[in-house]
Every structure is written in C-alpha cells, then in structure tokens.
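Okay, here's what each chain looks like letter by letter:
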Number of protein chains: 2
Amino acid sequence: MQRRCGKKDNWWCGRFKGLGYKLTFSRQAVLDVLSNTDSHLSAEEIYQRVYKLAPKVGLSSVYRTLELLVEIGLVSKYDFGDRRSRYELGQGIQGDNHHHHLVCTGCGKVLNYTDFIDQELELLKKTEKALSKKYNFRITNHLIQFYGVCRRCSDGKTAGI
Amino acid sequence: MQRRCGKKDNWWCGRFKGLGYKLTFSRQAVLDVLSNTDSHLSAEEIYQRVYKLAPKVGLSSVYRTLELLVEIGLVSKYDFGDRRSRYELGQGIQGDNHHHHLVCTGCGKVLNYTDFIDQELELLKKTEKALSKKYNFRITNHLIQFYGVCRRCSDGKTAGI
DNA sequence: AATTATTTGCCATTCCTTTTCAAAGGTTAA
DNA sequence: TTAACCTTTGAAAAGGAATGGCAAATAATT
C-alpha cells in the first residue's frame with residue numbers, strides 16, 4: 001500500500017517527513033484520534049479509540065507514538081494527578097490555542113481556560129527573563145494549573161459519602 | 001515506651017494530635033527526614049534516609065505517612081516529570097516559604113524561586129476569582145512551574161552525546 | 001498495667017509504562 | 001516493479017511506583 005503521505009494529506013505530514021520520521025498507519029491513527037477530541041485522553045483511552053479504527057495497532061505503538069509526538073512538539077503531555085499521563089494536541093506557548101487547566105480534585109474533570117492568558121504571558125515573560133539570568137536557566141516552557149472542586153462535586157454528588 | 005509527643009516536642013505534634021492521629025515512630029522519622037532537607041525527595045529517597053535512622057520502618061509506612069501528611073496539608077506533593085512523586089514540607093499558599101519551581105529537563109534538578117511571587121500571587125488571585133465565578137469552581141490550589149535547561153546541561157555535560 | 005483502636009511491616013498485587021525481538025512496513029534507488 | 005535498507009510494529013514480558021491485606025506491634029487512654 002503506497003501512500004504519498006496519508007490520503008488526507010494532513011498538515012502534520014510535512015512535519016513528520018521533514019524530521020525523517022515515517023508517517024505510518026499507527027501514527028496516523030493516533031493523530032486522527034487526538035485531532036478529533038477536545039478532552040485530555042490518557043494513553044489507554046487513546047488506544048481504545050485507535051482500536052476502533054484500527055484493531056491491529058498495539059498499545060506500545062500508541063505509547064511510542066505519543067512519546068515521539070511530545071518530543072517533536074506536536075503534542076503536550078500533562079499530569080493531572082490521577083496517576084497517568086494525559087495528552088493534548090497543539091498547545092505551543094505561542095500557539096493560537098494556548099490555554100491552561102482547571103482540574104477538579106473531586107472527579108478529575110479538566111477544563112481549559114484562556115482567561116487572563118495575556119496578562120499571564122506578560123508576567124511569565126518577565127519572570128522567565130529574570131530567572132534565566134539569575135539562575136542560568138534557559139527556560140523553554142511553563143506550566144500553570146489550578147486545582148479546585150467543581151460545582152457538581154461540591155454539591156455532594158461525588159462517589160463516596 | 002511512653003513519649004508525650006516525641007522527645008523534641010516538635011511543632012507538628014499538636015497538629016497531629018489535634019486531628020486525632022497518633023504521632024508514631026515512623027511518622028516522626030518521615031517528618032525528621034523532610035525537615036532536614038531542602039531537596040525534593042521521592043518516597044523511595046525518603047525511605048532510604050528513614051532507613052538509616054530507623055531500619056525497621058517499612059516502605060509502605062513511608063507512603064502511608066506521606067499520604068497523610070499531604071492530606072492534612074503539612075506536605076506538598078509534586079510531579080516534576082520523572083515519573084515519581086516528590087514531597088516537600090511546608091509550602092502552604094499563604095506560608096512564609098511559598099515558592100515555585102524551576103525544573104531542568106536535562107538532569108531533573110529542581111530549584112525553588114521566589115522572584116515575582118508577589119506579582120504572581122496578585123494575578124493568580126484575580127484569575128482565581130474570575131475562574132471561580134465563570135466555571136463554578138471553588139479553587140483551592142494552584143501550580144506554577146518553569147521548565148528549562150540548566151547551565152551545566154546546556155554546556156553539554158549531560159549524559160549521552 | 002490493662003485495654004482498645006490505630007498503625008505498622010512484610011509481602012503480594014495492581015497498574016501504568018517501557019523494553020525486547022522477530023516480523024512487517026515505508027521509503028528510496030535501480 | 002523489484003530489491004534493499006533501515007525504521008517501525010505487535011505481542012508478550014519486564015520494570016517500577018504505589019497500594020492493599022493481614023496478623024503483629026504500638027500509641028494513647030483507663
């Protein structure tokens with residue numbers, strides 16, 4: 001089966017080939033799943049969705065693909081405290097959908113928010129600059145998360161009690 | 001062996017007993033270790049240090065103690081991306097040693113910094129307020145981390161290459 | 001000192017993630 | 001197209017952090 005770069009000629013094809021990586025069936029599948037969701041999927045969840053499209057793709061390939069995607073900056077990897085990594089497409093600091101996360105410690109739900117992002121960026125830039133100089137760090141990224149309890153959970157609808 | 005609350009009568013004794021928890025030998029040991037370091041130890045590392053003082057204390061007790069300490073707010077639990085939790089004494093939002101972290105993605109080293117903390121707090125408060133209202137979240141905590149490459153690592157002294 | 005509920009240590013287990021390795025696949029050149 | 005090359009894959013096993021079960025030990029109280 002000879003495909004130029006995937007039938008749909010997705011925007012990531014060039015990115016892949018440019019770096020010398022092969023755009024394989026498994027990788028396509030993972031990218032397809034990631035680009036068709038707005039939740040923060042775990043590797044296992046991604047695998048399950050991939051499975052429906054392509055049952056032959058193995059879990060390790062999903063892990064390996066995710067690792068690669070994170071490495072080349074197409075995907076961000078997060079830890080929301082539920083003991084498994086979660087992945088999200090896009091999300092570069094300068095990207096158009098830059099956002100931060102609001103995590104409910106009750107049910108684990110994660111919201112994206114973009115409020116005050118501009119002010120944050122301003123402060124962060126200043127901080128980054130100062131820290132770079134003071135501590136000799138070349139800062140490449142940052143993470144901001146808020147934790148709290150969502151309405152549903154604080155209304156006592158949580159499991160337990 | 002009858003001890004009032006530990007021979008040293010540490011500040012955390014009251015906190016413990018007030019909440020109905022027993023101040024046991026194992027718990028003392030974990031607290032001793034945590035209060036005598038300024039690095040960000042993992043459970044395993046804490047266990048190793050506890051082991052030197054008290055070889056009979058088991059790893060699970062260390063885990064259980066840490067869980068308890070986090071729960072009652074004496075200890076903060078962090079994820080710096082090296083696939084294990086790390087723990088730090090103190091660190092309440094309002095505490096006197098409130099700080100954030102600067103993580104080197106090369107060697108994993110973690111620095112505490114307090115620069116711009118005040119401005120950060122101001123922005124965070126504003127953000128928290130807005131998010132609380134907008135998303136119906138009762139926000140209890142936040143996390144800010146910077147990632148980058150420390151001097152030593154960027155000088156190519158890292159393992160590999 | 002006796003009592004009681006909590007906590008511990010040890011061990012096994014769970015769960016997420018990584019590794020191993022032969023087989024399959026994509027890419028390029030002929 | 002075919003052949004050759006190196007990459008990538010799937011399946012299964014291994015690795016490693018964290019948790020659970022249970023009898024024995026222990027802190028606090030009587």
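About the thresholds
Residues numbered from 1 in each chain as written. Chains lettered and ligands numbered in written order. Predicted model: local features only at pLDDT ≥ 70, side-chain atom pairs only at ≥ 80, totals over all residues. Heavy atoms only, no water. Near = heavy atom within 4 Å. Polar contact = N/O pair within 3.5 Å; in protein donor to acceptor, adjacent residues only side chain to side chain. Helix = DSSP H or I, 4+ residues; strand = E, 2+ residues; numbered from the N terminus. Nonpolar A, V, L, I, M, F, W, Y, C, P; charged D, E, K, R; others polar. Least-squares fit on C-alpha atoms with pLDDT ≥ 70 in both. Contact = heavy atoms within 4.5 Å. Buried < 20%, exposed > 50% of the residue type's maximum accessible area, 1.4 Å probe, protein only. Phe/Tyr/Trp six-rings, centres within 6.5 Å; stacked < 30°, edge-to-face > 60°. Salt bridge = Lys/Arg side-chain N within 4 Å of Asp/Glu carboxyl O.

Draft legend 1. Region of interest: the protein's contact with DNA strand C. What surrounds DNA strand C is a group of 23 residues, the closest being Tyr-63 of chain A together with Thr-24, Lys-56, Ser-61 and Arg-64 of chain B. Expressed as a percentage, the sugar and phosphate content of the atoms of DNA strand C within 4 Å of the protein is 66%. Side-chain polar atom of Arg-64 of chain A to a base oxygen of DNA strand C: 3.2 Å apart, as the coordinates give it. A distance of 3.2 Å is found between a phosphate oxygen of DNA strand C and a side-chain nitrogen or oxygen belonging to Ser-26 of chain B. Of all the elements in the fold, those that place two or more residues in the surface near DNA strand C are helix H4 (59-71) of chain A together with helix H2 (25-35) and helix H4 (59-71) of chain B. Tallied by class, the residues present in the surface near DNA strand C amount to four nonpolar, eight polar and 11 charged.

Draft legend 2. Seen up close, the relation of the copies chain A and chain B. The two copies are related by a screw motion: chain A maps onto chain B through a turn of 179° and a shift of 0.0 Å along the axis, at an RMSD of 0.2 Å. On the angle and the small slide along the axis, the relation comes out as a two-fold axis. By C-alpha distance to the rotation axis, the residue of chain A lying nearest is Ile-144 of chain A, at 2.3 Å. Taken as a fraction of all interface residues of chain A, those also at the interface in chain B reach 97%, which identifies the copy contact as same-surface.

Draft legend 3. How the structure looks around the protein's contact with DNA strand D. Around DNA strand D sit 24 residues in total, of which Val-57, Ser-61, Arg-64 and Arg-83 of chain A together with Tyr-63 of chain B are the nearest. Between a phosphate oxygen of DNA strand D and a main-chain N or O atom of Gly-58 of chain A, the distance comes to 3.0 Å. Ser-61 of chain A has a polar side-chain atom sitting 2.3 Å from a phosphate oxygen of DNA strand D. Broken down by secondary-structure element, the contributors of at least two residues to the surface near DNA strand D are helix H2 (25-35) and H4 of chain A together with H4 of chain B. Across the surface near DNA strand D, the residue classes tally to five nonpolar, eight polar and 11 charged.

Draft legend 4. Region of the structure containing the side chain of Thr-65 of chain A. Residues and elements named next belong to chain A. Mapping Thr-65 onto the fold places it in helix H4. Relative accessible area serves as the criterion here: at 4%, Thr-65 is assigned to the buried category. Setting aside residues up to four positions removed in sequence, Thr-65 forms contacts with Arg-27 and Val-30.

Draft legend 5. Main features of the packing of aromatic side chains. Residues and elements named next belong to chain A. Per the counting criterion, the structure on display carries six aromatic pairs over all chains. Note on Tyr-78 and Phe-80: the rings are 5.6 Å apart at their centroids and 10° apart in plane angle, and the pair reads as stacked. Neither residue differs from the other here; Tyr-78 and Phe-80 are each classed as buried. Taken together, a centroid distance of 5.9 Å and an interplanar angle of 55° make the contact between Tyr-113 and Phe-146 tilted. In this pair, Tyr-113 sits in strand E5 (residues 110-113) while Phe-146 sits in strand E6 (residues 137-150), placing the two residues 33 residues apart along the sequence. As far as burial versus exposure is concerned, Tyr-113 and Phe-146 are alike and both buried.

Draft legend 6. View of the environment of Asp-38 of chain A. Relative to the helices and strands, Asp-38 of chain A is located in the loop between H2 and strand E1 (41-42). Placed 50 residues apart in sequence, Asp-38 of chain A and Glu-88 of chain A show a C-alpha to C-alpha distance of 8.0 Å.

Draft legend 7. How the structure looks around the pattern of salt bridges. In this structure the tally under the stated criterion is eight salt bridges over all chains. Across the salt bridge formed by Lys-134 of chain B and Asp-115 of chain A, the nearest N and O atoms sit 2.8 Å from each other. With Lys-134 of chain B in helix H5 (residues 117-135) and Asp-115 of chain A in the loop between E5 and helix H5 (117-135), the pair connects residues from two separate chains.

Keep in mind these values describe shape, not function.
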